[in-house]
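# A closer look at the structure
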Amino acid sequence: MTYEVIVLAAGQGKRMGASKNKQLIEINQIPMIVHTLLVFEKDNWCERIILVGAPLELDILASLVNEYGLAKVDCITPGGKERQHSVYEGLKNVSSEEAIVLIHDGARPFIMIDAIHRLVEKVSVYGAAIVAVPVKDTIKKVENEIVTETVDRKSLWAVQTPQAFRLSTIQAAHDKALAEGMLGTDDASLVEYAGGFVSIVPGDYDNIKITTQEDLYFAKAILEKRKAQGGN
């Protein structure tokens, strides 16, 4: 089985408080976005990587692609104002109408290849599938700083990326959202809005999205753990 992946690297990551795009920050001397791209570069199921970046950073990304020999990155395209718009730009560059498309945040460098494969297998059956993990914490609904409800966490999952779709499914969902001015929280929410069904693939708690300075400590710890376990 094969897929194409859209990797999103256009966000500026204001919560990181850095002077540059957080995905250019180095983790163990390698830029975060390179850690992410290397996962797909090494995956035999991955046919192409479409990299979506900020318009003023495309040359920087192209330089990193060349420096690290990322041969599967054959398209680097500018993103839009919002994440959803950046995905839409990426979808324009998918090579085949029959493709399975993965959409992944460049700030999630720790996705495992076995999870990707389970995701691709699931989407080939259901048309849309996402990686997620069960919520571990107690979740409370709060209004005006007062708890109004304790939510049963048995049915709650924390959603990650990649999210995977048949191209026809996600393209139709994005087209509908664009036409109706709907801005979703993720790509799966657009499929849900369009009346589609989304399947879950259990993921890994290490598949964190690096958002704040504190997350960099966790990122380095994950790399050290994998090194000790003989991983990449």
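Small disclaimer: the values here were computed from a predicted structure and weren't measured.

## Considerations on helix 7 (residues 213-228)
Every α-helix winds through 3.6 residues per turn, so residues three or four apart in the chain are directed the same way. Taking 1.5 Å of rise per residue, 16 residues should cover 22 Å, and helix 7 covers 24 Å from first to last C-alpha, within 8% of that figure. Of all the positions in helix 7, only Asp-215, Leu-216, Ala-219, Ile-222, Leu-223 and Arg-226 are classed as buried. With its buried residues spanning 120° around the axis, helix 7 presents them on a single face. Residues Tyr-217, Phe-218 and Ala-228 are exposed on helix 7 and point more than 90 degrees away from its buried face. Just beyond helix 7, the residue with positive phi is Gly-230, at close to 85°.

## Regarding the packing of aromatic side chains
Following the criterion strictly, the structure yields one aromatic pair and no others. Between Tyr-3 and Phe-40, the aromatic rings sit 6.4 Å apart at their centres with planes inclined by 80°, giving edge-to-face as the arrangement. Here Phe-40 lies in helix 1 (residues 32-42) and Tyr-3 lies in strand 1 (residues 3-9), a separation of 37 residues in the sequence. Here the guanidinium or amino end of Lys-136 rests over the ring plane of Tyr-205, the centre of that ring lying 4.3 Å away.

## Here's the deal with the side chain of Thr-36
Position of Thr-36 relative to the elements: it lies in helix 1. Assessed through its relative accessible area of 0%, Thr-36 is described here as buried.

## Focus: the environment of Glu-180
Its place among the elements puts Glu-180 in helix 5 (residues 167-180). Spatially, the C-alpha atom of Glu-180 lies 21 Å from that of Phe-165, the residues being 15 residues apart in sequence. A distance of 2.8 Å separates a polar atom in the side chain of Glu-180 from a polar atom in the side chain of Lys-176.

## Some words on the pairing of strand 6 (residues 100-105)
For strand 6, the buried fraction is high: six of the six residues fall into the buried class. Side chains Ile-100, Leu-102 and His-104 project from strand 6 onto one buried face, and the interleaved Val-101, Ile-103 and Asp-105 project onto a second face that is buried too. Across five bridges, the pairing between strand 1 and strand 6 is parallel. By the bridge assignment, Leu-8 is partnered in strand 6 with Asp-105.

## Let's talk about the sheet that holds strand 1
In a beta sheet, neighbouring strands pair by backbone hydrogen bonds and run either parallel or antiparallel. What the seven strands build is an open sheet, ordered 5-4-1-6-10-7-11; its pairing is mixed. With partners counted over all chains shown, the strands left at the sheet margins are strand 5 (73-78) and strand 11 (199-202), one partner each. Here the strands of the sheet are splayed against their neighbours by 25° on average, with no regard to which way each runs. The sheet contact formed by strand 1 and strand 4 (residues 46-53) spans seven bridges and is parallel.

## Here's the deal with the confidence of the model for the protein
Within the protein, residue pLDDT values average 93, and 95% of them lie at 70 or more. Confidence scores differ between elements of the protein, with helix 7 showing the lowest mean pLDDT of 91 and strand 6 the highest of 98.

## Let's talk about the pattern of salt bridges
One pass over the structure, following the stated rule, counts nine salt bridges. One salt bridge in this structure joins Arg-48 and Asp-74, with 2.9 Å as the shortest N-O distance. Note that Arg-48 is positioned in strand 4 and Asp-74 in strand 5, a separation of 26 residues in sequence. Close ionic contact of Arg-83 with Asp-105 constitutes a salt bridge, the shortest N to O distance being 3.1 Å. In this pair, Arg-83 sits in helix 3 (residues 83-91) while Asp-105 sits in strand 6, placing the two residues 22 residues apart along the sequence. Of the residues examined, Arg-83 reaches a relative accessible area of 28% and is grouped as partly exposed. Residues joined by salt bridges that share partners form a network here, namely Arg-83, Asp-105, Arg-108, Asp-187 and Lys-209.

The rules behind these values
- Residues numbered from 1 in each chain as written.
- Predicted model: local features only at pLDDT ≥ 70, side-chain atom pairs only at ≥ 80, totals over all residues.
- Heavy atoms only, no water.
- Helix = DSSP H or I, 4+ residues; strand = E, 2+ residues; numbered from the N terminus.
- Expected span 1.5 Å × (residues − 1).
- Buried < 20%, exposed > 50% of the residue type's maximum accessible area, 1.4 Å probe, protein only.
- Arc of directions from axis to C-beta.
- Phe/Tyr/Trp six-rings, centres within 6.5 Å; stacked < 30°, edge-to-face > 60°.
- Lys NZ or Arg CZ within 6 Å of the ring centre and 35° of its normal.
- Polar contact = N/O pair within 3.5 Å; in protein donor to acceptor, adjacent residues only side chain to side chain.
- Pairing = 2+ DSSP bridges.
- Axes fitted to C-alpha atoms, helices over the stretch in contact; angles between N-to-C directions.
- pLDDT = per-residue confidence, 0-100.
- Salt bridge = Lys/Arg side-chain N within 4 Å of Asp/Glu carboxyl O.

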